Amino acid sequence: MFDIRWIRENPEAFDRGMARRGIESPRESLLALDDRRREHVRELQEAQERRNAASKEIGKAKASGDEGTAQRLIDEIAELKAFVQTGEERERELQAALETELAQIPNVPLDEVPDGPDESANVEVRRHLEPRSLGFEARQHFDLGEALGLMDFETAAKLSGARFVVLRQSLARLERALGNFMLDLHTGEHGYTEINPPLLVRDEVMFGTAQLPKFVDDQFRTTDGRWLIPTAEVALTNLVREEILEEAELPIRVTAWTPCFRAEAGAAGRDTRGMIRQHQFAKVELVSITTERQSLEEHERMTACAEEVLKRLDLPFRTITLCTGDMGFSSRKTYDIEVWLPGQNAYREISSCSVCGDFQARRMQARYRPAGEKGVRYAHTLNGSGVAVGRALVAVMENYQQPDGSVAVPDALRPYMGGLERIEMAS
């Protein structure tokens, strides 16, 4: 979320950022709204100053026996008091209107982010391994899972409708193994602190990470007004909301393995089969809270932590920088990690790692006190998938599939599978 003062003081930078996002700059309408608010605040201040002055004048008028003037001043003060009372409500309304408009504006991309209208302009940064030849026609994960009797979309549809799945036996254990493996790696080697956060959150928490109000149609809301988290980023980032941290505490690095819930309102007709795009899915999330100075270096570090998951699983992947037309609302720069899926003969996203600057921190009022300074600054926030557990399951199934339809278990996961080396037909 932007500071209106920054927009006023940096008009060219703001307009350029909006143009790179492919939207018309709302600067003029924002400043006009802010001008009305500022003018109203000025009128309120003048009324309060006049009320204070008139109060002193009453005493002088009475002391000199000028009851007429005293009564006129009393009447004036009553009018000023009424104006101030209604004016304070109007000030709140104007401030709320300004904040509502500011909340709809996406973050400004960093200079190094490539310009472009959509994913066609994304730029590959690096890749790990080349897709391996399986020596036979690759099958997609849902064909493999259904043939093994371990992946059941039909029963899930009876329970919950489309875009859900029931996993059974060794395939259910494989998903659990992936989540545990990722958590152990990130906490044991990458320095993240494990968190088990609530799955239901309040409006202001969703607003803090910018799921609201822009993306309300993508969320699930409960009957008591709370929201199912679309990603653990929401709860993890808001751990520092309304806090003033000491610089020495930063960076803060936290991780969580949670279910995630998304309405997928904009995904009609996309990935209708399988586990790629579901209403409920599991993900290991990484979140960092940093100073401004630390944030870009932390972005590279976080992306490397997510990449390491796929390296340990010996999965081919590529890392790309998203262009301005494909990056998320809160992001200043995003790396997507795309894993190779031989069944689809394509790379598919398995992690998104974004640096948001102080965009979310302003919405959450999350600040820190720099060492040796009296004032405070807004923190910088970062988030990334470390990685999506369901999509990792898909990638393992498709890359480790065998000619007989079974799935070999990657070496890194065998300790979590009780030594099991192969996933075979349900017993």
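Because the structure is predicted, anything quoted here is derived from the model rather than measured.

(A) Representation of the nonpolar core within the structure. By size, the foremost hydrophobic cluster in this structure holds 56 residues, and its most contacted members are Leu171, Leu178, Met182 and Ile423. With 8 residues, helix α7 (residues 169–188) is the largest single contributor of residues to this core. Look past the residues within four positions of Met182 in its chain and what remains in contact with it is Val284, Val309, Gly386, Val387, Val389 and Ala392. Residues Phe2, Ile4, Phe329 and Phe359 belong to the second largest nonpolar core, which totals 16 residues.

(B) Seen up close, the sheet that holds strand β7 (residues 227–228). Pairing in this open sheet of 3 strands is antiparallel, and the strands run β5-β7-β6 from one edge to the other. Only two strands of the sheet have a single neighbouring strand rather than two, namely β5 (200–201) and β6 (220–221). When β5 meets β7, the two strands line up antiparallel, connected through 2 bridges. Bridged to Leu200 within β7 is Leu228.

(C) Examining the packing of aromatic side chains more closely. One pass over the structure, following the stated rule, counts 7 aromatic pairs. Ring centres of Phe2 and Phe14 lie 5.4 Å apart, and the angle between their planes is 90°; this geometry places the pair in the edge-to-face category. Remark: Phe14 occurs in helix α2 (residues 11–20) and Phe2 occurs in the segment before α1 (4–9); sequence separation between them is 12 residues. Note on accessibility: Phe2 and Phe14 belong to one class, buried. Pairing Phe215 with Phe329 gives two aromatic rings, centres 5.6 Å apart and planes at 85°, and the pair type is edge-to-face. With Phe215 in the loop between α8 (203–208) and β6 and Phe329 in the loop between β11 (317–321) and β12 (333–341), this pair connects stretches of sequence that are 114 residues apart.

(D) Geometry of the state of the cysteines. This model, assessed by the stated rule, comprises 0 disulfides. With no disulfide of its own, Cys323 has Cys356 as its nearest cysteine by sulfur position, at a separation of 17 Å. Free of any disulfide, Cys356 has its nearest cysteine sulfur in Cys353, 11 Å distant.

(E) Local environment of the sheet that holds strand β8 (residues 244–246). Across the sheet, 3 strands lie side by side as β8-β14-β15; this open sheet has mixed pairing. Only two strands of the sheet have a single partner each, and these edge strands are β8 and β15 (377–378). Note that β8 and strand β14 (residues 367–369) share 3 bridges and pair parallel. Within β14, the residue paired with Glu246 across the bridge is Arg369.

(F) Expanded view of the UniProt feature "binding site: ATP" (unreviewed entry) in the protein. The feature "binding site: ATP" (unreviewed entry), as given by UniProt, occupies Arg262, Ala263, Glu264, Glu349, Ile350, Ser351 and Ser352 in the numbering adopted here. Tracing the chain through its elements places Arg262 in the loop between β9 (252–261) and β10 (280–290). Residues within four places of Arg262 in sequence aside, it is in contact with Asp218, Phe220, Pro230, Thr231, Gln278, His279, Phe281 and Lys283. A polar contact of 2.9 Å, which involves the side chain of Arg262, links it to the backbone oxygen of Pro230.

(G) Main features of the domain arrangement of the protein. We note that the domain assignment places domain 1 (4–104) and domain 2 (119–423) within the protein. Computed from C-alpha coordinates alone, the two centres of domain 1 and domain 2 are separated by 45 Å. Between domain 1 and domain 2, the contact holds 4 residues from the first and 9 residues from the second. In this assembly, domain 1 packs against domain 2 so that about 610 Å² is buried in total across both faces, 43% of it on carbon and sulfur atoms. Area buried by domain 1 at its contact with domain 2 is led by Arg21, Ala103 and Gln104, which between them contribute 81% of it. Counting across the interface, domain 1 meets domain 2 through 0 salt bridges. Run the count over domain 1 and domain 2 and you get 5 residue pairs in polar contact (both at pLDDT 80 or more).

(H) Geometry of the environment of Asp336. The topology assignment puts Asp336 in strand β12. Separated by 199 residues in the primary sequence, Asp336 and Glu137 place their C-alpha atoms 28 Å from one another. Apart from residues lying up to four places away in sequence, Asp336 is in contact with Arg318, Thr319, Ile320, Leu322, Glu349, Ser351 and Ser352.

What counts and what doesn't
Residues numbered from 1 in each chain as written. Predicted model: local features only at pLDDT ≥ 70, side-chain atom pairs only at ≥ 80, totals over all residues. Heavy atoms only, no water. Core = buried A, V, L, I, M, F, W, Y, C linked by side-chain atoms within 4.5 Å. Buried < 20%, exposed > 50% of the residue type's maximum accessible area, 1.4 Å probe, protein only. Helix = DSSP H or I, 4+ residues; strand = E, 2+ residues; numbered from the N terminus. Contact = heavy atoms within 4.5 Å. Pairing = 2+ DSSP bridges. Phe/Tyr/Trp six-rings, centres within 6.5 Å; stacked < 30°, edge-to-face > 60°. Disulfide = S-S within 2.5 Å. UniProt positions renumbered as here; feature names shortened; annotations may be inferred. Polar contact = N/O pair within 3.5 Å; in protein donor to acceptor, adjacent residues only side chain to side chain. Domains from an automatic or database assignment. Buried area = accessible area lost by both parts, 1.4 Å probe. Salt bridge = Lys/Arg side-chain N within 4 Å of Asp/Glu carboxyl O.

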